[in-house]
Amino acid sequence: MDAKEKYLLHVCCAPCSPHPLRTLRQQYEVTLYFYNPNIHPVEEYQNRLGEVQRLAALEALPLIVGEYRAEEWLAGAAQWKDEPEKGLRCEFCIDGRLDATARMAAALGICRFGAVLSTSSRKDVKMVNRLGTQAAASHGDMLFDAADWKKREGAKISVRISNQLGFRRQDYCGCIYSKRSADARRAGHAV
Ligand code: SF4
């Protein structure tokens, strides 16, 4: 039997990942990549990373953990602090994470990569796919798998598997700005 093609899959959190990774591993030799310097605070970063490590162990998939360059991320994102979700701050955030994934894939000699980001309705799927395609183009002979992982019941399947596996779900996208919006919503303030 021919060896499966290698695939680097960017994962932002465990609850968004089960459906994409189970689908992709049927066809590819998948390695997970956790690079999310946007996540705030550090305790939340550690929680999300811990859940992804648990998912990788349960699925017996290799996991690479990128550097947590939170200060650098905050310095870059500050100019867009008042942007709504799916705006320019998210463009900066998603671009940085997908570009790092393309760079890691190139370093590993992997020619195909993708992301689970489109599982979440908090993300603009066209933005994700455009930025992933750009990142691939800037790293040589690389292919980004454009996808919408919430389609065809994908989001529901990921939620069902996450619940079965007991993954903790978060109520904000990840950065300090999305956390402030979620805190305000919880307190009953319009945002
Ligand atoms: S809302 Fe989400 S995608 Fe947008 S900047 Fe914050 S963490 Fe990144």
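Residues numbered from 1 in each chain as written. Predicted model: local features only at pLDDT ≥ 70, side-chain atom pairs only at ≥ 80, totals over all residues.

## Things to note about the overall build of the chain
For the record, the criterion: Strands here mean DSSP runs of E at least two residues long; helices mean DSSP runs of H or I at least four residues long; both are numbered from the N terminus. Counting other C-beta atoms within 10 Å of a residue's own tells you its class, since 20 or more makes it buried, 12 or fewer makes it exposed, and anything in between is partly exposed; those C-beta atoms are placed from the backbone. Any residue pair is listed as a contact if its two C-beta atoms, each placed from the backbone, are within 7 Å.
Secondary structure assignment for the chain yields seven helices and five strands. Walking the chain from its N terminus toward its C terminus, one meets helices and strands in the order β-α-β-α-β-α-α-β-α-β-α-α. Considered along the principal axes of its C-alpha atoms, the chain spans approximately 60 × 40 × 30 Å. Across the 191 residues of the chain, 37% fall into the buried class. Put simply, 69% of the contacts in the chain that link residues at least 6 apart link residues at least 24 apart.

## Topic: the site of the ligand
What counts here: Any residue whose C-beta atom, as placed from the backbone, lies within 6 Å of a molecule or strand is termed near it. Under this grouping Gly is polar, as are all residues other than the nonpolar Ala, Val, Leu, Ile, Met, Phe, Trp, Tyr, Cys and Pro and the charged Asp, Glu, Lys and Arg.
Neighbouring the ligand are the residues Asn-38, Glu-85, Arg-89, Cys-90, Cys-93, Ile-94, Cys-173, Gly-174, Cys-175, Tyr-177 and Ser-178. Elements with a minimum of two residues in the shell around the ligand: helix H4 (88–108) and helix H7 (176–186). With four residues, H4 is the single largest residue contributor to the shell around the ligand. Taken together, the residues that form the shell around the ligand break down as six nonpolar, three polar and two charged.

## Description of the pairing of strand S4 (residues 112–115)
Definition in use: One bridge is not enough; two strands pair if DSSP finds at least two bridges between them.
Inspection of the sheet shows strand S1 (residues 5–10) paired to S4 by three bridges, in the parallel sense. Along S4, the bridge assignment pairs His-10 with Ala-115.

## Examining helix H2 (residues 42–59)
Rules: A helix's residues, less one, multiplied by 1.5 Å, set its expected span. Working definition: the arc comes from the directions between the helix axis and the C-beta atoms, pointing outward to the latter.
With 18 residues, H2 extends 25 Å from end C-alpha to end C-alpha; this agrees with the ideal 26 Å at 1.5 Å per step. Among all positions in H2, only Arg-48, Glu-51, Val-52, Leu-55 and Ala-56 are buried. Projected onto a plane normal to the axis of H2, the buried residues spread over an arc of 140 degrees and lie on a single side. Turned more than 90 degrees off the buried face of H2, the exposed positions are Val-42, Glu-43, Gln-46, Gly-50, Ala-57 and Leu-58.

## Brief notes about the nonpolar core
Operational definition: To count as a nonpolar core, a set of buried Ala, Val, Leu, Ile, Met, Phe, Trp, Tyr and Cys residues must be joined through C-beta atoms within 7 Å.
Residues Leu-9, Val-11, Leu-32 and Val-116 are the most contacted members of the largest nonpolar core, which totals 44 residues. Every element with two or more residues in this core is listed here: S1, helix H1 (18–24), strand S2 (28–34), H2, helix H3 (70–77), H4, S4 and helix H5 (125–137). Per-element tally for this core: the top contributor is H4, with six residues.

## Details of the sheet that holds S1
Ordered in space as S3-S2-S1-S4-S5, the five strands form an open sheet in which the pairing is parallel. Whereas interior strands pair on both sides, the edge strands pair on one side only; in this sheet they are strand S3 (63–65) and strand S5 (143–144).

## Some remarks on the pairing of S1
As paired strands, S1 and S2 are joined by six bridges and run parallel to one another. Each residue of the ladder has a partner; that of His-10, found in S2, is Tyr-33.

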